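# Coordinates in review
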Amino acid sequence: MQLFVDTADLKEIREAAAMGVISGVTTNPSLLAKNGSGDVKSVIREICELVPDGPVSMEVVGDTAEQMIKEGKAFSTWASNIYVKVPFCVEGMKAVKWFAQEGIHTNVTLVFSTNQVLLAANAGASIISSFVGRLDDIGFDGTQVIAESVDLVRQHGFASKILAASIRHPLHVTQAAAAGADISTIPFKVLKQMYDHPLTEKGMSLFKADWDKLNATLAV
């Protein structure tokens, strides 16, 4: 399973890219607003340069397919690794179909059910973002939807990749991987949490202490 980082913070993306484990970046209007930069185009272009080999999602906000297509066409000229992020709805699927026919990659977002995955896959979505945490919040099993979606896409030979989104903690990442998700997009905070384990830290401290003792003995 590939790991994307879900942020528009350039500092976080630089650090995540330097870790060597990130294959792409997802953004949305809320993350861009939180980043505080008014020059969205420059920010997205810099993100694309930081992760040149992976998809970088940029979301449309139009109400109609025509508006979404106009926005997405413009976004796709910013960099070669831009994926146009399209919200799931009737107008959105019309736009996704057009993008697919034009060879423009898409990421369908705000997906919460297997039926929605089926529709997005038929429209030609490159990536389908199925939300885990938000479903868990209202008493449903978001990971189960991921598992069902993976089975559906593979059984029927769709080219779409299933992305686990709305990740709240490291366990969500583990569960998404076990369910067969192609990608998980995770907040930078969760990415850092995945590195932490008390036994790893304890082991490293022990090895360092023993190495220092060994060096002291050799020095004598």
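An account of the accompanying structure is given in this report. As the structure is a prediction and not an experimental result, all values here were calculated from the model. (Residues numbered from 1 in each chain as written. Predicted model: local features only at pLDDT ≥ 70, side-chain atom pairs only at ≥ 80, totals over all residues. Heavy atoms only, no water.)

## Section: the overall build of the chain
Here is the rule: Under the DSSP-based scheme used, a helix requires at least four consecutive residues in state H or I and a strand at least two consecutive residues in state E, with every element numbered from the N terminus. Between buried and exposed lies partly exposed: a residue is buried under 20% and exposed over 50% of the maximum accessible area for its type, with that area taken using a 1.4 Å probe on protein chains only. Only the protein chains shown count as cover for residues, with accessible areas throughout obtained via the Shrake-Rupley method and a probe of 1.4 Å.
For the chain, the count of helices and strands is 11 helices and eight strands. Reported as C-alpha extents along the three principal axes, the dimensions of the chain are approximately 80 × 40 × 30 Å. Looking at the 220 residues of the chain, the share that counts as buried comes to 45%. For the chain, the accessible surface area stands at approximately 11,500 Å², while carbon and sulfur atoms represent 55% of it.

## With respect to helix α9 (residues 170-178)
Since there are 3.6 residues in each turn of an α-helix, residues three or four apart along the chain are aligned in direction. Condition: Throughout, the arc means the angular range of directions from the helix axis out to the C-beta atoms. Any two residues whose heavy atoms approach within 4.5 Å are treated as being in contact.
Listed in full, the buried residues belonging to α9 are His 172, Val 173 and Ala 176. Buried positions in α9, seen along its axis, are confined to an arc of 100° and lie on one side of it. Of the residues in α9, the exposed ones pointing more than 90 degrees away from the buried face are Leu 171, Thr 174 and Ala 178. Residues of α9 that are buried make contact with β1 (2-6), α7 (133-137), α8 (142-155), β7 (161-165), β8 (183-186) and α10 (188-195). Just past α9, the residue Gly 180 takes up positive phi, approximately 95°.

## Remarks on the pattern of salt bridges
Charged atoms that come close allow side chains of opposite charge to pair. The criterion, for reference: Note on definitions: salt bridges are taken to be side-chain nitrogens of Lys or Arg within 4 Å of carboxyl oxygens of Asp or Glu.
Scanning the model with the defined rule gives five salt bridges in all. With a shortest N-O distance of 2.6 Å, Glu 46 and Arg 14 are connected by a salt bridge. In this pair, Glu 46 is assigned in helix α3 (residues 40-50) and Arg 14 in helix α1 (residues 10-19), connecting sequence segments 32 residues apart. The shortest N-O distance in the salt bridge between Glu 91 and Lys 94 comes to 2.8 Å. With a gap of three residues between them, Glu 91 and Lys 94 both fall in helix α5 (residues 90-101), about one helical turn apart.

## A short note on α10
Within the sequence span of α10, burial applies to Phe 188, Val 190 and Leu 191. With its buried residues spanning 160° around the axis, α10 presents them on a single face.

## A short note on the side chain of Ser 129
In this fold, Ser 129 is placed in strand β6 (residues 127-131). Apart from residues no more than four positions distant in its own chain, Ser 129 is found in contact with Asn 107, Val 108, Thr 109, Leu 110, Val 111, Leu 163 and Ala 165.

## So, the packing of helix α6 (residues 114-123) against α8
Condition: Axes, fitted as lines to C-alpha atoms, cover a helix only where it is in contact. Angles between the N-to-C directions of the axes lie from 0 to 180 degrees. Crossing chirality is assigned from the near helix's rotation relative to the far helix, an anticlockwise turn below a right angle marking it left-handed and a clockwise turn marking it right-handed. Amino acids outside the nonpolar list (Ala, Val, Leu, Ile, Met, Phe, Trp, Tyr, Cys, Pro) and the charged list (Asp, Glu, Lys, Arg) are all regarded as polar, and Gly is one of them.
It is at 9 Å that the axes of α6 and α8 come closest, and there the two elements cross at 35°. In this structure, the crossing between α6 and α8 has a hand that is right-handed. Touching Thr 114, Val 117 and Leu 118 of α6 are Val 145, Glu 148, Ser 149, Leu 152 and Val 153, all from α8. Here the contact of α6 with α8 is built from residues that sort into five nonpolar, two polar and one charged.

## Some thoughts on the environment of Pro 52
Along the chain, Pro 52 falls in the loop between α3 and β3 (56-59). As a C-alpha pair, Pro 52 and Asp 196 span 144 residues in sequence and 27 Å in three-dimensional space.

## Concerning the pairing of β7
Applicable threshold: Crossover handedness is defined here as right-handed if the route from the first strand over the helix to the second strand goes clockwise, with the strands pointing away from the viewer.
Most of β7 is tucked away, with four of its five residues classed as buried. Note that the unit made of β7, α9 and β8 has a crossover that is right-handed.

## Structural notes on a negative patch on the surface
Heads up, the rule is: Nonpolar side chains (Val, Leu, Ile, Met, Phe, Trp, Tyr) within 5 Å and like charges within 9 Å form the patches, drawn only from residues with over 30% relative accessible area and no salt bridge. In summary, the charge assignment counts Lys and Arg as positive and Asp and Glu as negative, without counting His or the chain termini. In this description, the location of a charge corresponds to atom NZ of lysine, CZ of arginine, CG of aspartate or CD of glutamate.
A contiguous patch of negative charge, built from Asp 136, Asp 141, Glu 148 and Asp 151, is present on the exposed surface. Within the secondary structure, Asp 151 is located in helix α8. Owing to a relative accessible area of 51%, Asp 151 belongs among the exposed residues under this scheme.

## A few points about the sheet that holds β6
Test applied: Strand pairing is defined by DSSP finding a minimum of two bridges between the two strands.
The strand order β1-β2-β3-β4-β5-β6-β7-β8 describes a closed barrel built from eight strands, whose pairing is parallel. When strand polarity is set aside, the average angle formed by the axes of neighbouring strands in this sheet is 30°. Across two bridges, the pairing between strand β2 (residues 24-26) and β3 is parallel. Following the sheet pairing, Thr 26 is matched in β3 by Ser 57. Strand contacts of helix α4 (residues 65-76): β3 and β4 (82-87), with the helix running at about 160° to β4, the strand carrying the most contacts. Relative to the sheet, α5 contacts β4 and β5 (106-111), its axis offset from that of β4 by approximately 155°.

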